[in-house]
Amino acid sequence: MELKNKILEFFKNIKLNKKKRNIITYSILIIFILLIVLTCYLSKQNSVQEFDVSVESIDVNTYTDSTIKKDDVKNNIDCKYYAYIILESVIVSGTIMYLIMSKNNEYKFKKTFINTDKVIIYTDSVILLSVAISLLSFELVGIMPDRKIEDKKMNYSYASIIKNSIDKKGDVYTTGELSKNALLITGKNSVNLNNVTVQKSGNSKSINGNNSGLLINDNASVTIKDSSISTTSTDSEAIYIDGGKKYNSDTNILLNNSYIKTDSNNSIGINNNNSYVKLESTGIESILENSPLIVNNGKTTIKNGYYTTSAIGSPFALNKGELSLNKANIQVFDSDLIRLINNGKITINKSNLASVHRTVNDDTGYPKCIFIYGENKKSKSEFTMKNSNLLILNGDTFFVTNTKATINLYSSTIFNTSDTSLFMRIQSNIFVDKNNNGGEVELNLDKQKIGGYIAIDEYSEIRIVAENKSELEVSINPDDQGKYASLYLDKTSKLTLLADTYLNDFTNKDKTNKNINLNGHKLYINGVSLNIKSK
C-alpha cells in the first residue's frame, strides 16, 4: 500500500506544460506510425504468395504472366503480424483522438475527459479509426507482393497443353520452335500418359522450363508409362517439373518403364524444381557435354533402370534436394558421377555405379567421382551408400570442399583402379582463391572396406568412425597439413597404413592395438608416434 501511494504521489507531482505534452504525444504518434510501416514491410517479406488463377480460363496459345492479374495474387501472412498491426493501430488512433479532443494538448487529461460522454465519444472514435488504419494496412500488404509475378516463372510457351484430368495413349507431341515447350501439363489435375512420344528440337538462350519437351506445373499430378521423351535442342530439358517457390509434393510425376534422352550440349534429362519425382524401371541417357541426367532441387526417388552420360560436364545428378536410389545402374564417362550441393542428401541402396574418366581433367579440372561442395560455408550435406558397388576408373573417389558433409558407407564395394587417385580429398574451395573455406567430413564406416589416401589441407577436418568389422587400408593426413583429423576404431575393425598418418585424436577400443598394422610406417597422435610393433 505504501508503494502504491508513492507511485500515485509521483505522478501527481509531475508538471507538464503544453510544449512537453506535445513532445510526448507527437513522439508516440510518430513512433507507432513508423512501427506500422515496419510491420507491414516485415509481413510482406515473410508472406507466402499464392496465385489464384483458373486454369480453365486460359485459352490462348501462350501461357504467360500476362494471364495473371493483380487481383489473382494473394498473400498468406503470419497471424502475429495482424495482431501487431491492430495493436499499433489502436495506439496511433488513441493518440490522434486525444490530440483532437484535447485541442492539441490545450486541455490537460482531466479536462479532456471531463464527463462520461467525452469518454464514450473518445472510445468509439478510437475503435472506428483503428479499424480504418488496420484495414488500410492489410490492403497495402495485399497489393504489394514480396516478389514480382514473373518470379513464378509463368512465362511458358507451348505447342500443346493438357489442363484437365485425362488419359492419353499413343499420342505424339513435338515442336521445333525456338523457346517453346512441346507439351505443357498444368492445373490441379491427374493426367495419365501411356505409350506417348514427346520430341523437342529448336534451340534456346535460356533454360528452366522455357525450352522443354514436357513441362509440368501448378499442382499437376502426372503418370507416364511406356513412353519416350527426347530433346535435340541446346539449353533444354526433356522434362521440367516446377513445384513453385517451396517444395510442393502436389506437383509430381511418376515415370514407369520409359526412356529419356538428350542429344545436345547444355541440356538436362529431368529438372526437378521443388516437386516430387519417382522413376521406376526408367532409363535416361545424355550424349553431349554439360548435360546432367537429373537436376534435383526437390525430392526424387529412383528404383531400377539404367542411367548413362558420355561427355565432360555431364554428371548423373546435380543434387540440392533429396535423392534416393534403389537397385539402379549408373555409368558416367568423363564427368563427376554425382555432385552433392549445399544441403543436398543422397541415399544409395543395392545399386551399381561406375565413374570412368577417359580424359585427364573434367570440366572442374579435378577428375573425381563424388563431388560434395557448398555454395556457402553453412551448408551441410549427407551421402549414404549401402550394399552397393562403386567402380572408379581414374579420379578421386570423394572430393569435399566448402561444406560440412556426413558420409555413411555400409557394406559396399568401392574399387578405384588408379594408383595416383585419392580415396578422399578435402580442401578449400576450388572455385575461388584458397582461403579458410575448407571442408569438414564425418566419415562413418559400418562393415565397410576402404583403401587409399585421405588428404586434407590446412583449412579442412575429418572425423572417422569405423565399426562392425570395417577395414581401412589408408593413410590419413599423410602430409600433416590438415586442420584436424581423428579416428575411432571399435574392437572388430582393422587399420593398415599405406604411409605415415597424422591424427589429432585416436581412439582404439582394442587396447592391445592388435587390430593395427603399421606396415612399416608411423602413426602420429598429436606429433607423438604410436609405439606398437608393426605386423
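Everything numeric here is computed off the predicted structure, so don't read it as measured data.

With that settled, the discussion passes to the packing of aromatic side chains. If you walk through the whole model with that rule in mind, you get 6 aromatic pairs. With 4.6 Å between their ring centres and 35 degrees between their planes, Phe 371 and Tyr 373 make a pair best called tilted. Taken together, the ring pairs in this structure connect Phe 371, Tyr 373 and Phe 399 into an aromatic cluster. The side chain of Lys 368 reaches across the aromatic face of Phe 371, ending 4.5 Å from its centre. Here Lys 368 stacks its cationic end above the ring of Phe 399, 5.7 Å away from the centre of that ring.

One non-glycine residue, Lys 327, adopts positive backbone phi at about 60 degrees. You can see Lys 327 is positioned in the loop between strand E23 (322-326) and strand E24 (329-333). Although it is not a glycine, Asp 334 adopts a positive phi angle of roughly 60 degrees. A relative accessible area of 7% means that Asp 334 is categorised as buried.

So, on to a nonpolar patch on the surface. Residues Ile 31, Leu 35, Leu 38 and Leu 42 make up a contiguous nonpolar surface patch of about 310 Å² in total accessible area. Of note, Leu 35 is situated in helix H2 (residues 18-45).

Among the 7 residues in strand E13 (residues 236-242), 7 count as buried, and that is most of the element. Bridge count for strand E10 (residues 212-217) against E13 is 5 bridges, and the pairing is parallel. Along E13, the bridge assignment pairs Ser 212 with Glu 237. As paired strands, E13 and strand E16 (residues 267-273) are joined by 6 bridges and run parallel to one another. Of the residues in E16, the one forming a bridge with Glu 237 is Ile 268.

One finds Phe 316, Phe 383 and Leu 409 to be the most contacted residues of the largest nonpolar core, which totals 82 residues. Apart from the residues lying within four places of it in its own chain, the contact partners of Phe 383 are Ile 338, Leu 340, Ile 346, Ile 348, Ile 370, Ile 372, Phe 398, Thr 406, Ile 407, Asn 408 and Leu 409. Judged by nonpolar contacts, the second largest core, of 7 residues, contains Leu 29, Ile 85, Val 92 and Leu 99.

Turning to the pairing of strand E31 (residues 396-401), a few remarks are in order. With respect to burial, E31 is a largely interior element, 6 of its 6 residues being buried. Judged from the 5 bridges that link them, strand E28 (residues 368-373) and E31 form a sheet pairing that is parallel. Note that in E31 the partner of Phe 371 across the bridge is Phe 399. Both E31 and strand E34 (residues 424-427) contribute to a ladder of 4 bridges, which runs parallel. Paired with Val 400 across the bridge in E34 is Ile 426.

Taken in spatial order, the 10 strands make up an open sheet running E6-E9-E12-E15-E18-E21-E24-E27-E30-E33, and their pairing is parallel. For this open sheet the edge positions go to strand E6 (172-175) and strand E33 (413-416), each flanked by a neighbour on one side alone. Each strand of the sheet is rotated relative to its neighbour by a mean of 5 degrees, with strand direction disregarded. Relative to strand E30 (residues 389-393), strand E27 (residues 352-356) runs parallel, the two sharing 5 bridges. For Ala 354, the partnering residue across the bridge sits in E30 and is Leu 391.

The subject of this paragraph is the confidence of the model for the protein chain. Residues shown with low pLDDT carry predicted positions that ought not to be read at fine detail. Chain-level pLDDT for the protein chain is 83 on average; 81% of the residues reach the 70-or-more range. A low-confidence stretch, residues 48-75 (pLDDT under 50), is modelled with 70 contacts involving residues beyond four sequence positions or located in other chains. Note that pLDDT drops below 50 for residues 143-153; the model gives that stretch 24 contacts with residues more than four away or on any other chain.

All right, on to the environment of Gly 482 then. As for its placement among the helices and strands, Gly 482 is situated in the loop between strand E38 (471-476) and strand E39 (484-489). Gly 482 sits 56 residues away from Ile 426 along the chain, and the two C-alpha atoms are 9.0 Å apart. With residues up to four places along the chain from it excluded, the contact list for Gly 482 reads Ile 456, Asp 457, Glu 458, Ser 460 and Asn 477.

Read across the sheet, 3 strands follow the order E41-E44-E45 without closing on themselves; strand pairing throughout is mixed. Each of the sheet's edge strands pairs with one partner strand only, and the pair in question is strand E41 (501-503) and strand E45 (528-529). Direction of pairing for E41 relative to strand E44 (residues 523-525): parallel, over a ladder of 3 bridges. When the sheet's bridge partners are listed, Tyr 502 is paired in E44 with Tyr 524.

Attention shifts here to the environment of Gly 283. Assignment of secondary structure puts Gly 283 in strand E18 (residues 283-286). The spatial distance from the C-alpha of Gly 283 to the C-alpha of Ile 330 is 9.7 Å, given a sequence separation of 47 residues.

It is worth spelling out the side chain of Asp 334 at this point. Tracing the backbone through its elements, the reader meets Asp 334 in the loop between E24 and strand E25 (338-341). There is a polar contact of 2.5 Å between the side chain of Asp 334 and the backbone nitrogen of Arg 358.

For the coordinates displayed, the defined rule picks out 10 salt bridges. Asp 336 is the salt-bridge partner of Arg 339, the closest N and O atoms lying 2.5 Å from each other. In terms of burial, Arg 339 and Asp 336 fall into one category: buried. One salt bridge connects Lys 483 with Glu 461, and the closest N-O pair in it is separated by 3.6 Å. Of this pair, Lys 483 sits in the loop between E38 and E39 while Glu 461 sits in strand E37 (residues 461-467), and the two are 22 residues apart along the sequence. Among the ionic contacts, a cluster of salt bridges with common partners joins Asp 336, Arg 339 and Lys 368.

How each quantity is defined
Residues numbered from 1 in each chain as written. Predicted model: local features only at pLDDT ≥ 70, side-chain atom pairs only at ≥ 80, totals over all residues. Heavy atoms only, no water. Phe/Tyr/Trp six-rings, centres within 6.5 Å; stacked < 30°, edge-to-face > 60°. Lys NZ or Arg CZ within 6 Å of the ring centre and 35° of its normal. Helix = DSSP H or I, 4+ residues; strand = E, 2+ residues; numbered from the N terminus. Buried < 20%, exposed > 50% of the residue type's maximum accessible area, 1.4 Å probe, protein only. Patch = residues over 30% accessible without salt bridge, like charges linked within 9 Å, V, L, I, M, F, W, Y side chains within 5 Å. Areas by Shrake-Rupley, 256 points an atom, 1.4 Å probe, with all protein chains shown as cover. Salt bridge = Lys/Arg side-chain N within 4 Å of Asp/Glu carboxyl O. Pairing = 2+ DSSP bridges. Core = buried A, V, L, I, M, F, W, Y, C linked by side-chain atoms within 4.5 Å. Contact = heavy atoms within 4.5 Å. Axes fitted to C-alpha atoms, helices over the stretch in contact; angles between N-to-C directions. pLDDT = per-residue confidence, 0-100. Polar contact = N/O pair within 3.5 Å; in protein donor to acceptor, adjacent residues only side chain to side chain.

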